[in-house]
Amino acid sequence: MKAIMETEDVRYRYPGIGEEALSGLSMQIPEGRKVAICGANGCGKSTLFLHAIGILRPTSGRVKWRGQPVGYDRASLGALRRRVGLVFQDPEHQLILNTPREDISYGLRNLGLAEAEIRERADRIVEKMGLADLAGLPTHHLSLGQKKRVALAGVLALKPELLLLDEATAYLDRRSERALLAELDDACRRGVTVAMATHDMNVAYSWADWVLVMDKGRCAMAGPPHEVFSREEEIQALGLELPLLYEVWKAMPEELRAGFESPRSLEAFKEALNPV
Ligand SMILES: Nc1ncnc2c1ncn2[C@@H]1O[C@H](COP(=O)(O)OP(=O)(O)OP(=O)(O)O)[C@@H](O)[C@H]1O
């Protein structure tokens, strides 16, 4: 497993706060994967993301990009932020201009691209993400789900190698959630490593192919979803729920389950029960 980004024993304390937000965090984000980062409120997921783009700097320990320690001079931070894109939990923190198109173009302009390329890249992402009807509207007329899609479009337009999302699916209806996860799958197929912080264990279980569980500023568990969630007692002790599909599967008679790994989608579940 090759890590695109990793942290080594990272400690961080917000100024004026007694408790460490990260208290010896060592974790790896494997390259090319869809990673879910799970953990109770306040376990340090957002703080980890702010370290990943160099907004915060560890009090001790190291953050590494492709095996090399991250540098904190202007040029190194600029290079890091061209490679790592962060979609914030609250799209209001990301969308600052009048319209989605202006916001998407603004990010591209910051990359120093020529106007023609800015227009072309903005058009392409607007069309690809089905935002054409919204692109020219005042951003404050958009729903939360629409704003989340625009925020994602703005970061994807920058073509990051690692895409980080903080609670991307929170407050989305099922259809918007599915559309957003499909977008992330698509990005991953194009070679982008995607890591999403989520409280939704159903999303973590069925969408991700690697799961990191954080607890009190450290990495408590890491592995493929069925492996992590099969450690049921540990998951529950960390205040997390088991995914519904996993629980239903485990509640079924053992002879029906024999020979199958716990299915991670409804389709796989049905197939396991009615093999063709
Ligand atoms: N700007 C800040 N100033 C002071 N303390 C902070 C700040 N941001 C976060 N913290 C503290 O750092 C710890 C980790 O918070 P963080 O937001 O990283 O957790 P999280 O896992 O993302 O939480 P959530 O799931 O609620 O979004 C918490 O104890 C939190 O109170």
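Residues numbered from 1 in each chain as written. Predicted model: local features only at pLDDT ≥ 70, side-chain atom pairs only at ≥ 80, totals over all residues. Heavy atoms only, no water.

A closer look at the UniProt feature "domain: ABC transporter" (unreviewed entry) in the protein
Under the UniProt annotation, the feature "domain: ABC transporter" (unreviewed entry) is placed at residues 5-241. For the annotated span residues 5-241, helix accounts for 38% and strand for 24% of the residues, and the straight-line distance between the end C-alpha atoms is 27 Å. (UniProt positions renumbered as here; feature names shortened; annotations may be inferred. Helix = DSSP H or I, 4+ residues; strand = E, 2+ residues; numbered from the N terminus.)

Quick notes on the sheet that holds strand β3 (residues 34-38)
Ordered in space as β6-β7-β8-β3-β9-β10, the 6 strands form an open sheet in which the pairing is mixed. A single partner strand is all that each edge strand has here, and the edge strands are β6 (84-87) and β10 (218-223). Mean inter-strand twist for the sheet, computed between neighbouring axes without regard to direction, equals 20°. Two elements, β3 and strand β8 (residues 193-197), share 4 bridges in a ladder whose sense is parallel. The partner of K34 across the bridge, within β8, is V194. Contacting β3, β6, β7 (162-166), β8 and β9 (210-215), helix α1 (residues 45-52) crosses the sheet at an angle of about 150° to β7. Sitting on the sheet, helix α6 (residues 174-189) is in contact with β3, β7 and β8, with an inclination near 145° to β8. (Pairing = 2+ DSSP bridges. Axes fitted to C-alpha atoms, helices over the stretch in contact; angles between N-to-C directions. Contact = heavy atoms within 4.5 Å.)

What about α1?
For α1, the tally of buried residues reaches 7 of 8 residues, placing the bulk of the element in the interior. Count one or two residues on from α1 and you reach G54, which has phi positive near 75°. (Buried < 20%, exposed > 50% of the residue type's maximum accessible area, 1.4 Å probe, protein only.)

Let's talk about the site of the ligand
As a matter of local geometry, the ligand sits amid 13 residues, with N41, K45, S46, T47 and H199 nearest to it. Between the ligand and the protein, one listed contact pairs an oxygen atom with a backbone N or O atom of C43 at 3.2 Å. Within the side chain of H199, an N or O atom sits 2.8 Å from an oxygen atom of the ligand. Partitioned by chemical class, the residues of the shell around the ligand number 5 nonpolar, 7 polar and 1 charged. (Near = heavy atom within 4 Å. Polar contact = N/O pair within 3.5 Å; in protein donor to acceptor, adjacent residues only side chain to side chain. Nonpolar A, V, L, I, M, F, W, Y, C, P; charged D, E, K, R; others polar.)

Some points on the pattern of salt bridges
All told, the structure shown has 22 salt bridges when counted by the stated rule. The residue E161 makes a salt bridge to R83 at a minimum N-O spacing of 3.7 Å. Here the residue E161 occupies a position in the loop between α5 (144-156) and β7, and R83 occupies one in helix α2 (residues 74-83), the gap between them amounting to 78 residues. Classification of E161 by relative accessible area gives partly exposed; the value is 29%. Under the relative-accessibility criterion, R83 is labelled partly exposed at 33%. Ionic pairing is found between R174 and E177, a salt bridge with its closest N-O pair at 2.7 Å. Highlighted residues: R174 and E177, both in helix α6, separated by 3 residues, approximately one helical turn. Overall, R174 belongs to the exposed group, its relative accessible area being 51%. (Salt bridge = Lys/Arg side-chain N within 4 Å of Asp/Glu carboxyl O.)

Considering the nonpolar core
One finds L152, L163, L165 and L184 to be the most contacted residues of the largest nonpolar core, which totals 55 residues. Per element, the largest residue contribution to this core is 6 residues, and it comes from α5. Residue assignment places this core across two domains, with domain 1 (3-242) and domain 2 (243-275) each supplying three or more. Discounting residues that sit within four places of it in the chain, L184 has contacts with L152, L163, L165, V194, M196 and W207. I4, F49, L50 and L164 belong to the second largest nonpolar core, which has 30 residues in total. (Core = buried A, V, L, I, M, F, W, Y, C linked by side-chain atoms within 4.5 Å. Domains from an automatic or database assignment.)

Focus: the side chain of K64
With respect to the helices and strands, the residue K64 is situated in strand β4 (residues 60-65). You can call K64 buried: its relative accessible area is 13%. Of note is the side chain of K64, whose polar atom sits 3.0 Å from the side chain of E8. Ignoring any residue separated from it by four or fewer positions in sequence, one finds K64 in contact with I4, M5, E6, E8, P69 and V70.

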